Amino acid sequence: MTKIAPSMLSCDFSRLGEETERVTEAGADWVHLDVMDGMLVPNITFGAPVIKCIRDRTSLPFDAHLMIEGPDRYIKDFVDAGCDLITVHVEAGESASKAIRLIKDSGVRAGITLNPGTPIESIEPFLPDVDLVLIMTVNAGFGGQKFHPECLPKIERISEYRKQNNPRLEISVDGGINSETARMCTDAGATVLVAGTALFKSRDMAADIAEWKGFGPNAE
Ligand code: DX5
Ligand code: ZN
């Protein structure tokens, strides 16, 4: 089954705890938490102290997406806040490699991600060490952007690597995911769908999550 990770970026932040419970009840698999620093990306969101506040609202894994410069400086904080997966951007440079080592040493699952304009070759050196590859299908920084279909070959390429080398590798996609683009991504080999706008604006989040879980290579 395809895993569904609602992005809390699109929730009502005045009710972050209740919204975390809502996605849990709707059948989500992971809670996707977008951390932005106003440097690596133009926007600022929240950090480890806020994540810590909602940790006891669900038993679902916390999937932290760190859109920050120098992510290695903050790995301990996100581990201590209760994150189960921590993903860093290859665009963060040398700090991304240090961060991946720190994440693994903490016993937490590590992910690497890249923006649409960054070539897939840039993450290849990380593949033996990570548990997750996050293919960005919009430029990181804001919810509600349009899906970039030219990113689909990246998913196919990582899917091929997964088949050959590591069937446990998760291939996640993030940005502009809705019922239509979700299917395109799972057909290409994605195992996790991150979605903010589509799920939080949905009339029936639980129904969408249930439907999307059935997307995938074995779908009818
Ligand atoms: C964007 C974030 C996404 C964002 C996706 O930088 O990484 O997780 O919330 O939002 P939608 O689903 O609205 O494109
Ligand atoms: Zn994200």
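Residues numbered from 1 in each chain as written. Chains lettered and ligands numbered in written order. Predicted model: local features only at pLDDT ≥ 70, side-chain atom pairs only at ≥ 80, totals over all residues. Heavy atoms only, no water.

A look at the overall build of the protein
Scanning the protein from N- to C-terminus turns up eight helices and eight strands. If one aligns the C-alpha atoms of the protein with their principal axes, the spans along those axes are about 40 × 40 × 30 Å. Per-residue burial over the protein gives 53% buried out of 220 residues. Of the contacts formed within the protein by residues at least 6 apart in sequence, a portion of 63% connects residues at least 24 apart. Working note: accessible area of the protein is about 9,800 Å², and carbon and sulfur atoms make up 49% of it. Each charge sign in the protein was given a centre, from 22 positive and 33 negative side chains, and these centres are 2 Å apart. (Helix = DSSP H or I, 4+ residues; strand = E, 2+ residues; numbered from the N terminus. Buried < 20%, exposed > 50% of the residue type's maximum accessible area, 1.4 Å probe, protein only. Contact = heavy atoms within 4.5 Å. Areas by Shrake-Rupley, 256 points an atom, 1.4 Å probe, with all protein chains shown as cover. Lys, Arg positive; Asp, Glu negative; His and termini not counted. Charge placed at Lys NZ, Arg CZ, Asp CG, Glu CD.)

Some remarks on the nonpolar core
I112 and I135 are the most contacted members of the largest nonpolar core, which totals 64 residues. With four residues, helix α4 (residues 94-105) is the largest single contributor of residues to this core. Among all residues touching I112, those that are not within four sequence positions of it are T87, V88, H89, V90, A96, I100, I123, F126, V130, L132, V133 and L134. Among the nonpolar cores identified, the runner-up in size contains 14 residues, and L9, W30, L134 and V194 belong to it. (Core = buried A, V, L, I, M, F, W, Y, C linked by side-chain atoms within 4.5 Å.)

Some thoughts on the pairing of strand β8 (residues 192-195)
In β8, alternate side chains face the same way, and those of V192 and V194 on one face and L193 and A195 on the other are all buried. Of the pairings in the sheet, the one linking strand β1 (residues 3-6) to β8 comprises four bridges and is parallel in character. Directly across from A5, in β8, lies its bridge partner V194. The pairing of strand β7 (residues 170-174) with β8 spans three bridges and is classified as parallel. Residue pairing across strands places D174 opposite V194, the latter belonging to β8. Taken together, β7, helix α6 (residues 179-188) and β8 form a β-α-β motif whose crossover is right-handed. (Pairing = 2+ DSSP bridges. Right-handed = clockwise from strand over helix to strand, strands pointing away.)

Thoughts on the pattern of salt bridges
One pass over the structure, following the stated rule, counts eleven salt bridges. The partner of K213 in a salt bridge is D29, with the nearest N and O atoms 3.5 Å apart. Of this pair, K213 sits in helix α8 (residues 205-213) while D29 sits in the loop between α1 (16-25) and β2 (31-36); the two residues are 184 residues apart in sequence, bridging distant segments of the chain. With relative accessibility at 17%, the residue K213 sits in the buried group. Across the salt bridge formed by R157 and E121, the nearest N and O atoms sit 3.2 Å from each other. Residue R157 is located in helix α5 (residues 152-165), and its partner E121 is located in the loop between β5 (109-114) and β6 (132-136); the two are separated by 36 residues in the primary sequence. On the basis of relative accessibility, which here comes to 37%, the residue R157 falls in the partly exposed class. (Salt bridge = Lys/Arg side-chain N within 4 Å of Asp/Glu carboxyl O.)

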